[in-house]
Amino acid sequence: MKYIKFTLGSCGLFLFSSHVSAIEIETDTWTFSVNGNVNGFYSHIQCDDSNNVVNGNPLLCSGDDASAVTNGYLPAALDIGVAREISGYNISAHIIYEGGTVSNEAFNNGSSQEAFRAYMNVGNDKIGSVKIGKDFGLFGNDSVFNDMSVIGVGAHAVAKNPLNTSLGAVGYGYIFADRLSMINYTLPIPGDFTATVGVFQPLDLLSLGAQNSTTGDSGSKAPGYHGKLKYAFDGGFVSTSLLTQNVKNQSVDDNALGWDVAAKITLLENLSVFGSYTSSEGVGNTGLFFDAYDAQGEVRKSSGYFLQSLYDFGGTRLGVNYGVTDIKRTASDPVENVNKNSKVTVGLYHDLFEGFIVSTEASRYQSENFAGSEIENTGLSVGAVYFF
């Protein structure tokens, strides 16, 4: 006998305690779910008014100040899922459209790139589980998911011609995990540990504008590999993750490597503290494999740390985070290339009602080149996000 039952499930977002209702439709064999979010922010950015040049910075603005009406760090999205149990296995699949809300020209000609995720999971408690499809990678994802600006803005990128999302603290302490085509295996480890390993489609080399950079095909000689180990406890966790990929083209023959450690702890019930450290050799410093090698094939190395404190007053949260990324100069890099990015953000987030969060932030972010010259931006944003 078949039947349909509507239920309301609780869906929390990352480090925030606010819960929203996801619609689930249950039959005798399948569970269908629909959830997502819509968000929008008004931002005013005080652009750099010096004549300094920092090539490869995280897309700061220069010249006249800018205003933007955009998505925040989180793209507007719709997640459609199905799940069932069959022959002792749990199987689920999700298709997530992350279209965003940004448009810079009439008739949508200036629409930013839209993003998609689509993946399935299959497994059980005895054999573990396998994920197949496109989803956020393992390397550095705890920094992304715990950045308080996931319901705010953080640092803007190309403020005068906005992208699908802002940057949060990407490039200012950690590297964006990004959406990867992957096959992952999560081990059936009992207790509070989780361990996942997997392969992913190698990414090509790109550039944010650092001079003397290698771009183009990475070779795809072998898949990329990534993994993550996490220990969770009441009020927090400790994790470490790793990503490696072979890069071989006319200029480069190398095995790129990135790793991080992250930890979160809740103090006095209302105060949470998060921190992470990231190291990269040939993986980039903002997005994966952006400006990762110079034109002579020499690897660019970088490191970063990200610190955050968030206090919950009960429906209202006040937070501050600070991040720094340092990039080492290769023998051939010009002094105008970026040497250091840093950012501080103060944010206030209020639950107006279930699922609806009002957010306001102030951020100051800067980039410095190897000659010591720097450019600075200051951003103020106010907006809201609604989870359904």
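All figures in this text were calculated on a predicted structure; none of them were measured in a lab. (Residues numbered from 1 in each chain as written. Predicted model: local features only at pLDDT ≥ 70, side-chain atom pairs only at ≥ 80, totals over all residues. Heavy atoms only, no water.)

On to the packing of aromatic side chains. Each pair of aromatic rings is reported with the distance of its centres and the angle of its planes. The final tally for this structure, using the stated rule, is 16 aromatic pairs. For the pair Phe 193 and Tyr 231, a centre-to-centre distance of 4.8 Å together with 40° between the ring planes defines the contact as tilted. Highlighted residues: Phe 193 in strand β10 (residues 193-200) and Tyr 231 in strand β11 (residues 224-233), separated in sequence by 38 residues. On the basis of relative accessibility, which here comes to 40%, the residue Phe 193 falls in the partly exposed class. Under the relative-accessibility criterion, Tyr 231 is labelled partly exposed at 32%. In this structure an aromatic cluster arises from ring pairing among Tyr 174, Phe 237, Phe 274 and Phe 306. Sitting over the ring of Tyr 119, Lys 131 keeps its end group 4.6 Å from the ring centre. (Phe/Tyr/Trp six-rings, centres within 6.5 Å; stacked < 30°, edge-to-face > 60°. Helix = DSSP H or I, 4+ residues; strand = E, 2+ residues; numbered from the N terminus. Buried < 20%, exposed > 50% of the residue type's maximum accessible area, 1.4 Å probe, protein only. Lys NZ or Arg CZ within 6 Å of the ring centre and 35° of its normal.)

Here the focus is the pattern of salt bridges. Per the counting criterion, the structure on display carries nine salt bridges. For the salt bridge of Glu 98 with Arg 117, the shortest nitrogen-to-oxygen distance reads 3.0 Å. Of this pair, Glu 98 sits in strand β6 (residues 89-98) while Arg 117 sits in strand β7 (residues 115-124); the two residues are 19 residues apart in sequence, bridging distant segments of the chain. Exposure remark for Glu 98: the relative accessible area of 4% places this residue in the buried category. Between Arg 300 and Asp 333 there is a salt bridge; the shortest N-O distance is 2.7 Å. Remark: Asp 333 occurs in the loop between β16 (316-327) and β17 (338-353) and Arg 300 occurs in the loop between β14 (271-281) and β15 (301-312); sequence separation between them is 33 residues. The same class applies to Arg 300 as to Asp 333, namely buried. Within the structure, one salt-bridge network assembled from shared partners comprises Glu 98, Arg 117, Lys 131, Asp 135 and Arg 179. (Salt bridge = Lys/Arg side-chain N within 4 Å of Asp/Glu carboxyl O.)

What follows concerns the environment of His 226. Here His 226 shows up in strand β11. Given the relative accessible area of 4%, His 226 is considered buried. There is a polar contact of 2.8 Å between the side chain of His 226 and the side chain of Asn 184. (Polar contact = N/O pair within 3.5 Å; in protein donor to acceptor, adjacent residues only side chain to side chain.)

Let's shift gears to the state of the cysteines. In this structure the tally under the stated criterion is one disulfide. In this model, Cys 47 is linked to Cys 61 through a disulfide, with the two sulfur atoms separated by 2.0 Å. Across the S-S bond of Cys 47 and Cys 61 the torsion is about -100°, and the bridge reads as left-handed. In this pair, Cys 47 is assigned in the loop between β3 (31-46) and β4 (66-70) and Cys 61 in the loop between β3 and β4, connecting sequence segments 14 residues apart. With a relative accessible area of 7%, Cys 61 lands in the buried category. (Disulfide = S-S within 2.5 Å.)

Right, let's talk about the pairing of β3 for a bit. Inspection of the sheet shows β3 paired to strand β5 (residues 77-86) by seven bridges, in the antiparallel sense. The residue bridging Thr 31 from the neighbouring strand is Ala 83, located in β5. When β3 meets β4, the two strands line up antiparallel, connected through five bridges. Bridge pairing in β4 places Phe 41 opposite Thr 70. (Pairing = 2+ DSSP bridges.)

Residues of the protein with pLDDT of at least 70 account for 92%, and the chain-wide mean is 91. Throughout residues 1-12 the model reports pLDDT below 50, and contacts reaching past four residues in sequence, or to other chains, amount to 30 contacts. (pLDDT = per-residue confidence, 0-100. Contact = heavy atoms within 4.5 Å.)

Right, let's talk about unusual backbone geometry for a bit. With a phi angle near 60°, Leu 59 is a residue other than glycine that sits in the positive phi range. Among the structural elements, Leu 59 can be located in the loop between β3 and β4. The backbone phi angle of Ser 220 is positive, close to 50°, even though this residue is not glycine. Topologically, Ser 220 is positioned in the loop between β10 and β11.

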